[in-house]
Amino acid sequence: MIDYWLQQGMNALSAGSLYALMAVGLALVFGILRLINFAHGDVMMVGAYLAAFSLAAGLPLPVAVAVSVVGSIVVGLVMERVAYRPLRGGPEVTLLLTSFAAGLILQNGTLLVTRLAGQPVQIAFPAPELISGVVSIGTFLVPKVNLASFIVGVVTLVLLTLFVTRTRLGLSMHAAAEDLQAARLMGIRVDLVVATAFAIACGLAAIAGLLYATQAGQINPYLGFTPVLKAFIAAVIGGFGSLAGAVLGAYLLAFLEVLPTALFGIGDLIAPGSIPPELHDLLRTLFPGELAGYRDAFVFVFLIVVLLFRPNGLLAGRAREETP
């Protein structure tokens, strides 16, 4: 039973790290431009495809990661320069609609490339050997990709925090988030700051895309929709514009997703003869396994409750101070 709960906890930490990588990217861009970049999930998808093609070509994992990150950053910078910069300062709804358009262009562009290459819409992801299989910790078996997701997520978020709080460019991002026009008047190169925010966000999305694709085992041009939706929910729970809020919301969301699955599966997990039949029947009645498939409903109920009592998110009061 202990192994069961440890496994569920590891699943939550792994998923939370992936959500955090995506949510921080959303919060980073939103903090400066007040743009909810829904094309962020499609940049993640592009990163997963670049990693898949690199690994299929026989490139080692570090090189595949570099290709994925650099390629995703280039896509993000082009998207910022062509789609978003000309609309900077315009109505927020215009930027929002533009992000949807940019995402559709990336989806259909990827679909076209795969068809021209003679590939099916959905292809298998060549999981790297380094993060495939399981690692044994005593009697506890942990999938390597889950462990890698947690470690990479934590290390990356720590490095990002150091960059934002300890470097000149990071402090410039703080100033731009407070007031973009005032930052420009103070001599801050706003275009460089915005481009850096997009580059960091897209690099994080590429890393999340590789880890997500390794877990899923397959990729398609539409795989970015669910992760970006989860990242958006995480950012809303924590407080949009706050990096700490995005991380908190991501891990909280992951645990909220895993908890129903763990609870509603516990009745089926316990062998009927190991506990009194009456108690076993009670557990099956209180936690029916059929409800495990409705975990997203529980997440959205929690989201509604958060918005009722904290409309701006759990860390809304600190969002301005922590926005990069």
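The structure we're discussing is the one just above.
Notes on the structure in this doc start here. Being a predicted model, the structure only gives us computed values, none of them experimental.

What to know about the overall build of the protein
Looking only at helices and strands, one finds 14 helices and four strands in the protein. Taking the contacts inside the protein whose residues are at least 6 apart along the sequence as the reference set, 78% of them involve residues at least 24 apart. As displayed, the protein has an accessible area near 15300 Å², and 70% of this comes from carbon and sulfur atoms.

Concerning the side chain of threonine 110
Checked against the element boundaries, threonine 110 lands in helix α4 (residues 92-116). In terms of polar contacts, threonine 110 uses its side chain to reach the backbone carbonyl oxygen of leucine 106, at 2.8 Å. Not counting residues within four places of it along the chain, the set of residues in contact with threonine 110 comprises Met45, Val46, Tyr49 and Pro221.

Quick notes on the packing of helix α3 (residues 61-84) against α4
Running from amino to carboxyl end, α3 crosses α4 at an angle of 135°, the nearest separation of the two axes being 11 Å. By the angle between their axes, α3 is oblique relative to α4. The element α3 and its partner α4 pack so that their crossing is right-handed. Contact residues: Val75, Met79, Ala83 and Tyr84 in α3; Leu95, Thr98, Ser99, Ala102 and Leu106 in α4. The class makeup of the residues in the contact of α3 with α4 is seven nonpolar, two polar and no charged.

Comments concerning the layout of surface pockets
Looking at the largest pocket, its volume works out to about 380 Å³. At the level of secondary structure, the elements contributing two or more residues to the lining of the largest pocket comprise α1 (2-33), α8 (190-216), α9 (225-238) and α10 (243-264). For the lining of the largest pocket, the element with the highest residue contribution is α1, accounting for six residues. A breakdown of the residues in the lining of the largest pocket according to their chemical character gives ten nonpolar, five polar and three charged.

Considerations on the packing of helix α2 (residues 40-56) against α4
As a packed pair, α2 and α4 sit with axes 9 Å apart at the nearest point and diverge in direction by 25°. The angle between α2 and α4 falls in the class roughly parallel. Every pair of crossing elements has a handedness; the one defined by α2 and α4 is left-handed. For the pair α2 and α4, contact is made by Asp42, Val43, Met45, Val46 and Tyr49 and by Gly103, Leu106, Gln107, Thr110 and Thr114, respectively.

Considerations on the environment of threonine 214
Among the structural elements, threonine 214 can be located in helix α8. For the pair formed by threonine 214 and alanine 52, sequence separation is 162 residues and the distance between their alpha carbons is 9.5 Å. Beyond its immediate stretch of four places on either side in the chain, threonine 214 contacts Phe125, Ala127, Pro128, Ile131 and Val145. Among the polar contacts made by the side chain of threonine 214, one reaches the main-chain carbonyl oxygen of leucine 210 at a distance of 2.8 Å.

Overview of the pattern of salt bridges
Should their charged atoms come close, side chains of opposite charge can pair. By the definition in use, this model includes five salt bridges. Across the pair arginine 88 and aspartate 191 runs a salt bridge whose closest N-O atoms are separated by 2.7 Å. Of this pair, arginine 88 sits in the loop between α3 and α4 while aspartate 191 sits in helix α8; the two residues are 103 residues apart in sequence, bridging distant segments of the chain. When its relative accessible area of 21% is taken as the criterion, arginine 88 is described as partly exposed. Residue class for aspartate 191 comes out partly exposed when judged on its relative accessible area of 34%. One salt bridge in this structure joins lysine 230 and glutamate 257, with 2.6 Å as the shortest N-O distance.

A short note on the nonpolar core
Ranked by internal contacts, the top residues of the largest apolar core, which has 81 residues, are Ile32, Leu33, Tyr84, Phe125 and Ile219. For this core, the leading source of residues is α1, giving 15 residues. If sequence neighbours within four positions are ignored, tyrosine 84 has contacts with Leu35, Asn37, Ala39, Met79, Leu95, Thr98, Ser99, Ala102 and Phe198.

Re the environment of alanine 297
Here alanine 297 shows up in helix α13 (residues 295-309). The spatial distance from the C-alpha of alanine 297 to the C-alpha of glutamate 257 is 9.4 Å, given a sequence separation of 40 residues.

Concerning unusual backbone geometry
Phi at arginine 34 takes a positive value of approximately 55°, unusual for a residue other than glycine. On the secondary structure map, arginine 34 appears in the loop between α1 and α2.

Things to note about a nonpolar patch on the surface
A cluster of nonpolar residues, Ile151, Val154, Val155, Val158, Leu159 and Leu162, forms a patch on the protein surface that exposes about 490 Å² of accessible area. Mapped onto the elements, valine 158 comes out in helix α5 (residues 144-166).

Calculation notes
- Residues numbered from 1 in each chain as written.
- Predicted model: local features only at pLDDT ≥ 70, side-chain atom pairs only at ≥ 80, totals over all residues.
- Heavy atoms only, no water.
- Helix = DSSP H or I, 4+ residues; strand = E, 2+ residues; numbered from the N terminus.
- Contact = heavy atoms within 4.5 Å.
- Areas by Shrake-Rupley, 256 points an atom, 1.4 Å probe, with all protein chains shown as cover.
- Polar contact = N/O pair within 3.5 Å; in protein donor to acceptor, adjacent residues only side chain to side chain.
- Axes fitted to C-alpha atoms, helices over the stretch in contact; angles between N-to-C directions.
- Parallel < 35°, antiparallel > 145°, perpendicular 65-115°, else oblique.
- Left-handed = near helix turned anticlockwise from the far one by under 90°.
- Nonpolar A, V, L, I, M, F, W, Y, C, P; charged D, E, K, R; others polar.
- 1 Å grid on protein atoms, 1.4 Å probe; cavity = no way out; pocket = protein on both sides within 12 Å on 5 of 7 lines; lining within 4 Å.
- Points joined across faces, edges and corners; volume = space filled by probe spheres on them.
- Salt bridge = Lys/Arg side-chain N within 4 Å of Asp/Glu carboxyl O.
- Buried < 20%, exposed > 50% of the residue type's maximum accessible area, 1.4 Å probe, protein only.
- Core = buried A, V, L, I, M, F, W, Y, C linked by side-chain atoms within 4.5 Å.
- Patch = residues over 30% accessible without salt bridge, like charges linked within 9 Å, V, L, I, M, F, W, Y side chains within 5 Å.

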